[in-house]
Amino acid sequence: MRERYCGAGVSGPAGTVLGVATSDTTVHPTDDVAPRPAVALAAVGGAVVCWSITSLTIRAGHADPLRFVAWRAWFAVPVLAIAVVVRSRGSATSGFAPVDGVSVRQWVVSIIGAGVLFAASAVLGFAAVNRTALLDNAVISALQPVLVIIAAVLWMGEHADRSHWLRAFIALGGTIAVVTAHAAGEHHDALGIVFAIAAVFVNTGWYLYGRWLRSRFDVDPIAFMAGVLLSVAVMLTPIAWIEAGTMRLPVHALEWSAATMVFGTTAHLLSIWAHRFVPASVSSLFLLAEPPLVGLMAWWAFSEQPAPMQILGTAIVVVALAGVVRSQAGAHLDAEAEDPTPPV
């Protein structure tokens, strides 16, 4: 399960990203002096590490996904609100709403739609983390670029050459090898695999919808996520209450939910800052470090030692997807801020 958000807050030259129009206007209210390349790259690496750690905090909490996600959202809203206020200092706008004359009703409806997708992806992803091996889940989640290619070809008029499809099938084969291999001490559940597959499909919808919204509305990306997480909290709280009869969680689960928020939000803020200075073709490759990193962390924290076939399959997936994101990035992604997926 990864915690990642749509829109990273970088502006670039006008163009398209997988068929979605991009803007040449800056979406963040302040401009930073470019840091040394090593500092920006370290921030991207830190974001990947934080996103990987969220898989561990979710597993450690091992709580009802509906209540866990709802509390995680409530914990994040005030933090993101403070970040928006800080970023909007010196700006003529509050930072909490689009500045292009969009009606409040239209904006609220759009945010609710994003919240529904975010909540569904997060709940499915959290459920998958609780029921299956963390490496399995991370590798399945990494297939999102393949689904984005398929969506771009089917609905956005994009063209994918044979090399895209070949790498996609190789990555799929590697994923199947990882999921079907049986490892010592592995936490494996077929229903968890189903949840993970469903989560990556919903997450792809969240990604594309978020890109579409960000292409239409000029809004601060942190304000966007604050609004989305507020809608998630408001929507999931009554549902979780009805389902469980209470919003209470054990103290340890609340603590791990808060930790998930801390690491996920830290990753988001780092990525927003770093993607102003790091090309998407580079940051996309960093993100592919997440499956092996999660696998190592799961081995250390939960004794989920990977089988040799899982190690080989993970390597195949990472190499194949590296070719996918590099080829995509060269044609599309460098024209726009990149933050290729969501939630925890």
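Things to note about a nonpolar patch on the surface
At step 1: A surface patch of nonpolar side chains, about 770 Å² in accessible area, is lined by Ile150, Leu154, Trp155, Trp165, Phe169, Leu172 and Ile176.
At step 2: Among the elements of the structure, helix 5 (144-155) and helix 6 (162-180) are those that each provide at least two residues to the nonpolar patch.

With respect to helix 11 (residues 290-302)
At step 1: Counted at 1.5 Å a residue, the expected span for helix 11 with its 13 residues is 18 Å, and the 17 Å between its end C-alpha atoms agrees.
At step 2: Taken residue by residue, helix 11 has Glu290, Pro291, Val294, Gly295, Met297 and Ala298 as its buried positions.
At step 3: Remark: Ser303 follows helix 11 within two positions and exhibits a positive phi of approximately 60°.

Some details on the nonpolar core
At step 1: With 49 residues, the main nonpolar core has Phe118, Phe224, Met225, Val228, Leu229, Val232 and Leu236 as its most contacted residues.
At step 2: Mapped by element, the contributors of at least two residues to this core are helix 1 (37-61), helix 2 (65-87), helix 3 (104-131), helix 4 (134-141), helix 7 (190-216), helix 8 (221-244), helix 9 (251-274) and helix 11.
At step 3: Counting residues per element, this core draws most heavily on helix 8, at 11 residues.
At step 4: Counting 17 residues, the second largest nonpolar core, distinct from the first, contains Val317, Leu321, Ala322 and Val325.

Concerning the environment of Thr175
At step 1: Tracing the backbone shows Thr175 in helix 6.
At step 2: Taking the C-alpha atoms as reference, Thr175 lies 9.8 Å from Ser141; in sequence the two are 34 residues apart.
At step 3: For Thr175, the residues in contact, after removing those within four places along its chain, are Val139, Ile140, Leu143 and Val317.

Regarding the pattern of salt bridges
At step 1: Enumeration over the complete set of coordinates arrives at 2 salt bridges.
At step 2: A salt bridge links Glu304 to Arg59; its shortest N-O distance comes to 2.6 Å. Linking Glu304 in the loop between helix 11 and helix 12 (308-331) with Arg59 in helix 1, this pair joins segments that are 245 residues apart in sequence.
At step 3: You can call Glu304 buried: its relative accessible area is 8%.

Some remarks on the confidence of the model for the protein chain
At step 1: The share of residues in the protein chain with pLDDT of 70 or more is 78%, and the mean pLDDT across the chain is 80.
At step 2: In the model, residues 5-31 has pLDDT below 50 throughout and makes 95 contacts with residues more than four positions away in sequence or in other chains.
At step 3: Predicted confidence is poor over residues 333-342, with pLDDT under 50, and the contacts of this stretch with residues over four places away or in other chains come to 58 contacts.

Overview of the packing of helix 1 against helix 11
A packed helix pair is summarised by two numbers, namely the angle formed by the two axes and the spacing between the axes.
At step 1: Packing of helix 1 against helix 11 brings their axes to within 9 Å, and their N-to-C directions diverge by 40°. Overall, the two elements helix 1 and helix 11 adopt an arrangement that is oblique. Classified by chirality, the crossing of helix 11 by helix 1 is right-handed. Touching Val48, Val49, Trp51, Ser52, Ile53, Ser55, Leu56, Arg59 and Ala60 of helix 1 are Glu290, Leu293, Val294, Met297, Ala298, Ala301 and Phe302, all from helix 11.

Here's the deal with the packing of aromatic side chains
At step 1: The full count for this structure, using the stated rule, is 7 aromatic pairs.
At step 2: When the centroid spacing of 6.3 Å and the interplanar angle of 20° are considered together, the rings of Trp206 and Phe224 count as stacked. Remark: Phe224 occurs in helix 8 and Trp206 occurs in helix 7; sequence separation between them is 18 residues. Exposure class is identical for Trp206 and Phe224. Each is buried.
At step 3: Directly above the aromatic system of Phe302 lies the positively charged group of Arg59, at a separation of 5.4 Å from the ring centroid.

Overview of the packing of helix 7 against helix 8
At step 1: Where helix 7 contacts helix 8, the axes come no closer than 12 Å and their chain directions differ by 125°. The pairing of helix 7 with helix 8 is recorded here as oblique in orientation. As for the relative orientation of helix 7 and helix 8, their crossing is right-handed in sense. In this structure, helix 7 uses Trp206, Gly210, Leu213 and Arg214 to contact helix 8, whose residues at the interface are Pro221, Phe224, Met225 and Val228.

So, the environment of Ser163
At step 1: Among the structural elements, Ser163 can be located in helix 6.
At step 2: For Ser163 and Gly323, which are 160 residues apart along the polypeptide, the C-alpha to C-alpha distance reads 8.6 Å.

Cut-offs and rules
- Residues numbered from 1 in each chain as written.
- Predicted model: local features only at pLDDT ≥ 70, side-chain atom pairs only at ≥ 80, totals over all residues.
- Heavy atoms only, no water.
- Patch = residues over 30% accessible without salt bridge, like charges linked within 9 Å, V, L, I, M, F, W, Y side chains within 5 Å.
- Areas by Shrake-Rupley, 256 points an atom, 1.4 Å probe, with all protein chains shown as cover.
- Salt bridge = Lys/Arg side-chain N within 4 Å of Asp/Glu carboxyl O.
- Helix = DSSP H or I, 4+ residues; strand = E, 2+ residues; numbered from the N terminus.
- Expected span 1.5 Å × (residues − 1).
- Buried < 20%, exposed > 50% of the residue type's maximum accessible area, 1.4 Å probe, protein only.
- Core = buried A, V, L, I, M, F, W, Y, C linked by side-chain atoms within 4.5 Å.
- Contact = heavy atoms within 4.5 Å.
- pLDDT = per-residue confidence, 0-100.
- Axes fitted to C-alpha atoms, helices over the stretch in contact; angles between N-to-C directions.
- Parallel < 35°, antiparallel > 145°, perpendicular 65-115°, else oblique.
- Left-handed = near helix turned anticlockwise from the far one by under 90°.
- Phe/Tyr/Trp six-rings, centres within 6.5 Å; stacked < 30°, edge-to-face > 60°.
- Lys NZ or Arg CZ within 6 Å of the ring centre and 35° of its normal.

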